[in-house]
Amino acid sequence: MSRLDAVEQLVRTPSVSESEGALADVVEHELRSIQHLDVTRVGDNVVATTKGAVTGVLLAAHLDTVPGDVSLVRREGDTLYGLGSCDTKGSVAGLLELARTPWAVGVTYVFYAREEIARARSGLLEVKEVRPDLLETPLAVVAEPTLGAVEAGCQGSLRARLTLRGQRAHTSRPFTGRNAIHRLAPLLRDFSDYQPREVHLEGVTYVEQLQVVKVVGGVANNVVPDEATLVVNFRFAPDRTSQEAEAWFRERVEPMLDQGDDVSIEDLAPAAPPSLVHADLARLVELTGRPARAKVGWTDVATFAAWNIPAVNFGAGDPLLAHSAAECLRESEVNEFVETLTMWLAEGFSSGEVPK
């Protein structure tokens, strides 16, 4: 069976967030057949560790996908099209193959649920709560799709809801009220004119983004609206803490708000530093043969950073295709992922050698 065949089997197993049980069963069954691994299941999360070894590295991939139709899975030559093929079932298949080798370094493999939904629901956090010992490691690789390169750190994400007030009136006599939707104009203009800030850290460049993602307002066709809402997403670089990102955002919008308006922070996920100064992670970059890039989206590298664990993103597939109708995985991409990690793991890490 080719590597792409193995990925296709996983892609044909539905695993939308909060419905990962069937895929977790497949992964658990595969891992329990490998004699040199200890396997633990926590809910729909499966963790395997090298028996009798101190973990030198943790390799993690999520099992879930966004909603979609797995009946649309198809093969065209060396390319597999289908939901989850690159995000992240190509990496899951690759890690399952790597798990069959008893490396000289202790390895922990983590296959976790609910990465694609609210962070509070993450299976990684569930494992941390129930069995924190399973996640003890000196460094980690999060197998998000990166198209053959290491993507360092990740940007943080702030989601805010801005509610502006007005006063209802009849549209034939608008001067007796105040149009809350019209009041959005300065904010919309400001966000539209925003120039992304670039931040250079450890040789990679993060580009911040500020985008309106939702507008809500209006009462009836003959009523001046008394309330209007914007939902805004701010992606911030790792040189800002979450608190600094929130303070920057509030300071930016404050001049355009009046008494009675409201700014509510609905979600705030921290950024993560690059960690490319870590010798073993720098070596992984060398083995890819490509320069490292900044991860401008959010990933669980930030979760490991919050636990003081250096981590990077490295996985099979093109991140630009994730969640799209064109999502696919080429056999060369999963081959490169497995072969690069094979070289890296074969070198071993002094912090996690298997006892002789």
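Just so you know, these numbers come straight off a predicted model, no measurement behind them. (Residues numbered from 1 in each chain as written. Predicted model: local features only at pLDDT ≥ 70, side-chain atom pairs only at ≥ 80, totals over all residues. Heavy atoms only, no water.)

Caption draft 1: Looking closely at the sheet that holds strand β19 (residues 328-330). Spatial strand order, β4-β5-β19: 3 strands in an open sheet with antiparallel pairing. At either end of the open sheet lies a strand with only one pairing partner, and these are β4 (74-76) and β19. This sheet shows a mean twist of 20° between the axes of neighbouring strands, independent of strand direction. Inspection of the sheet shows β4 paired to strand β5 (residues 79-81) by 3 bridges, in the antiparallel sense. Across the sheet, residue Glu76 finds its bridge partner in β5, namely Thr79. (Pairing = 2+ DSSP bridges. Helix = DSSP H or I, 4+ residues; strand = E, 2+ residues; numbered from the N terminus. Axes fitted to C-alpha atoms, helices over the stretch in contact; angles between N-to-C directions.)

Caption draft 2: Representation of the pairing of strand β12 (residues 204-207). Residue alternation in β12 divides its side chains into a buried set, Val204 and Tyr206, and an unburied set, Thr205 and Val207. Where strand β11 (residues 198-201) and β12 come together, 4 bridges link them in antiparallel fashion. If you follow Leu201 over to β12, its bridge partner there is Val204. Taking the residues that link successive antiparallel strands as the turn, the β11-β12 hairpin has 2 residues, and the phi of Glu202 there is positive, at about 50°. (Buried < 20%, exposed > 50% of the residue type's maximum accessible area, 1.4 Å probe, protein only.)

Caption draft 3: Structural view of the environment of Gln195. Positionally, Gln195 belongs in the loop between α5 (185-193) and β11. Overall, the relative accessible area of 62% leaves Gln195 in the exposed class.

Caption draft 4: The sheet that holds strand β18 (residues 311-313), seen in detail. With mixed pairing, the 8 strands of this open sheet are ordered in space as β1-β2-β6-β3-β7-β18-β8-β17. Two strands bound the open sheet, and with one partner strand each, they are β1 (37-42) and β17 (293-294). Bridge analysis of β1 against strand β2 (residues 45-50) gives 6 bridges, and the strand direction is antiparallel. Across the sheet, Leu37 pairs through a bridge with Thr50, a residue of β2. Contacts from helix α4 (residues 123-130) reach β1, β2 and β6 (106-112), with the element oriented near 60° to β2. Each of β3 (55-62), β6 and β7 (140-142) is contacted by helix α9 (residues 331-347), which is oriented at about 160° to β3, the strand it contacts most. (Contact = heavy atoms within 4.5 Å.)

Caption draft 5: Up close: the confidence of the model for the protein chain. The predicted model of the protein chain averages 95 in pLDDT, with 98% of residues at 70 or higher. Below pLDDT 50 for its whole length, residues 351-356 participates in 22 contacts with residues either more than four positions away or in separate chains. (pLDDT = per-residue confidence, 0-100.)

Caption draft 6: A look at the environment of Pro310. Along the chain, Pro310 turns up in the loop between α8 (301-306) and β18. A relative accessible area of 23% means that Pro310 is categorised as partly exposed. Once the C-alpha coordinates of Pro310 and Pro274 are considered, the two residues, 36 residues apart in sequence, prove to be 8.3 Å apart. With sequence-adjacent residues up to four places away left out, Pro310 is seen in contact with Pro138, Leu139, Ala140, Ser275, His278 and Leu281.

Caption draft 7: Quick peek at α9. In this model, α9 (17 residues) spans 25 Å end to end at C-alpha, consistent with the 24 Å of a helix rising 1.5 Å per residue. Looking only at α9, the buried set comprises Glu333, Val334, Phe337, Val338, Thr340, Leu341, Trp344 and Leu345. Buried residues of α9 fall within an arc of 165° about the axis and therefore sit on the same side. (Expected span 1.5 Å × (residues − 1). Arc of directions from axis to C-beta.)

Caption draft 8: Local environment of the environment of Gln35. Summarising the element assignment, Gln35 is placed in the loop between α2 (21-32) and β1. When the C-alpha atoms of Gln35 and Arg74 are compared, they prove to be 34 Å apart, with 39 residues separating the residues in sequence.

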